[in-house]
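Structural features, examined
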Amino acid sequence: MTTTNGASGARQASISRKTNETDIKLEFAIDGTGQSQLETDVPFLNHMLDLFTKHGQFNLTVDGKGDIEIDDHHTVEDIGICLGHTILEALGDKKGIKRYANVFIPMDEALAQVVIDISGRPHFEYRAQYPSAQVGSFSVELVQEFLWKLALEARITLHVIVHYGQNTHHMIEAVFKALGRALDEATSLDPRVTGVPSTKGVL
């Protein structure tokens, strides 16, 4: 696995990760314009990452291939790992960030909430019950796998709550839109903040 950071001052990073199960190249910029270039073997994940990018005003490029002849698990998991890793790298020393965010997003009948603390302490809480186990060919349990690995590698505290909904696609879509908005807010720079927003002096 190789990782590179952007030019000095640019909050961006890229990663190349190749295993016997997946081959992933990913570039992420915090201060983007909502542009995505997504090529993976999992169409539903492409759709969700596009929503995440657009609503977070990030830039994201993913070229991900995996052993989908087995199932989508390894591809989804490893893209979560790579995205989380680039988020951590792109944040750098975290000076001046807001750190916290709490976002509610409705999607028709569904309501999702994402709460983030860019804490340096990876933790994930997930409260969601979906009416179906599949969206098309996509296994809904992989949403949890993706989010947990992202939180772990980004070293953030992430709470995801789907309050209600009837359509599984709508419910997951609300989660990814809320994730984008919450991460955008938590990573945004606050001119009132000197150094890192922690009494410990480090995040």
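The present account deals with the structure reproduced in this document.

Reading the values: rules and limits
Residues numbered from 1 in each chain as written. Predicted model: local features only at pLDDT ≥ 70, side-chain atom pairs only at ≥ 80, totals over all residues. Heavy atoms only, no water. Helix = DSSP H or I, 4+ residues; strand = E, 2+ residues; numbered from the N terminus. Buried < 20%, exposed > 50% of the residue type's maximum accessible area, 1.4 Å probe, protein only. Polar contact = N/O pair within 3.5 Å; in protein donor to acceptor, adjacent residues only side chain to side chain. Expected span 1.5 Å × (residues − 1). Contact = heavy atoms within 4.5 Å. Pairing = 2+ DSSP bridges. Axes fitted to C-alpha atoms, helices over the stretch in contact; angles between N-to-C directions. Phe/Tyr/Trp six-rings, centres within 6.5 Å; stacked < 30°, edge-to-face > 60°.

A closer look at the environment of Thr-40
Following the sequence through the fold, Thr-40 ends up in strand S4 (residues 35–40). You can call Thr-40 buried: its relative accessible area is 12%. As a C-alpha pair, Thr-40 and Thr-75 span 35 residues in sequence and 8.1 Å in three-dimensional space. Among the polar contacts made by the side chain of Thr-40, one reaches the main-chain amide nitrogen of Val-42 at a distance of 3.0 Å.

So, helix H3 (residues 141–154)
Over its 14 residues, H3 extends 21 Å from the first C-alpha to the last, a length consistent with the 20 Å expected when each residue adds 1.5 Å. Burial in H3 covers these residues: Leu-142, Val-143, Glu-145, Phe-146, Leu-147, Lys-149, Leu-150, Ala-151 and Ala-154. For H3, the secondary structure elements touched by its buried residues are helix H1 (43–56), helix H2 (73–91), strand S8 (123–127), strand S10 (138–139), strand S11 (157–164) and helix H4 (168–187). In the stretch just after H3, Arg-155 is the one whose phi turns positive, near 60 degrees.

Some remarks on unusual backbone geometry
In the Ramachandran plot, Asp-108 falls in the positive-phi region, its phi being about 55 degrees despite a non-glycine side chain. Within the chain, Arg-155 stands out as a residue other than glycine whose phi angle is a positive 60 degrees. Turning to its location among the elements, Arg-155 is positioned in the loop between H3 and S11. Owing to a relative accessible area of 37%, Arg-155 belongs among the partly exposed residues under this scheme.

Topic: the sheet that holds S8
Sheet strands associate in pairs through backbone hydrogen bonding, adopting either a parallel or an antiparallel arrangement. Pairing in this open sheet of 4 strands is mixed, and the strands run S6-S7-S11-S8 from one edge to the other. Each having just a single partner strand, strand S6 (100–107) and S8 make up the two edges of the open sheet. Between one strand and the next, the sheet's axes are offset by a mean angle of 10 degrees, whatever the strand orientation. Here strand S7 (residues 110–117) pairs with S11 via 7 bridges, running antiparallel. In the strand pairing of S11, Val-114 is matched with Val-160. Sheet strands in contact with H3 are S8 and S11, and its direction is about 155 degrees off that of S8. The sheet strands contacting H4 are S6, S7 and S11, and the helix crosses S6 at an angle near 150 degrees.

A word on the packing of aromatic side chains
Under the criterion given, the structure shown has 6 aromatic pairs. Between Phe-52 and Phe-58 the ring centres are 5.1 Å apart and the planes differ by 40 degrees, which places this aromatic pair in the tilted class. Accessibility expressed as a relative area gives 0% for Phe-58, which makes it buried. When the centroid spacing of 5.6 Å and the interplanar angle of 25 degrees are considered together, the rings of Phe-124 and Tyr-126 count as stacked. The same class applies to Phe-124 as to Tyr-126, namely buried. Following the ring pairs from residue to residue traces out a cluster consisting of Phe-28, Phe-52 and Phe-58.

Purely geometric numbers; function is a separate question.
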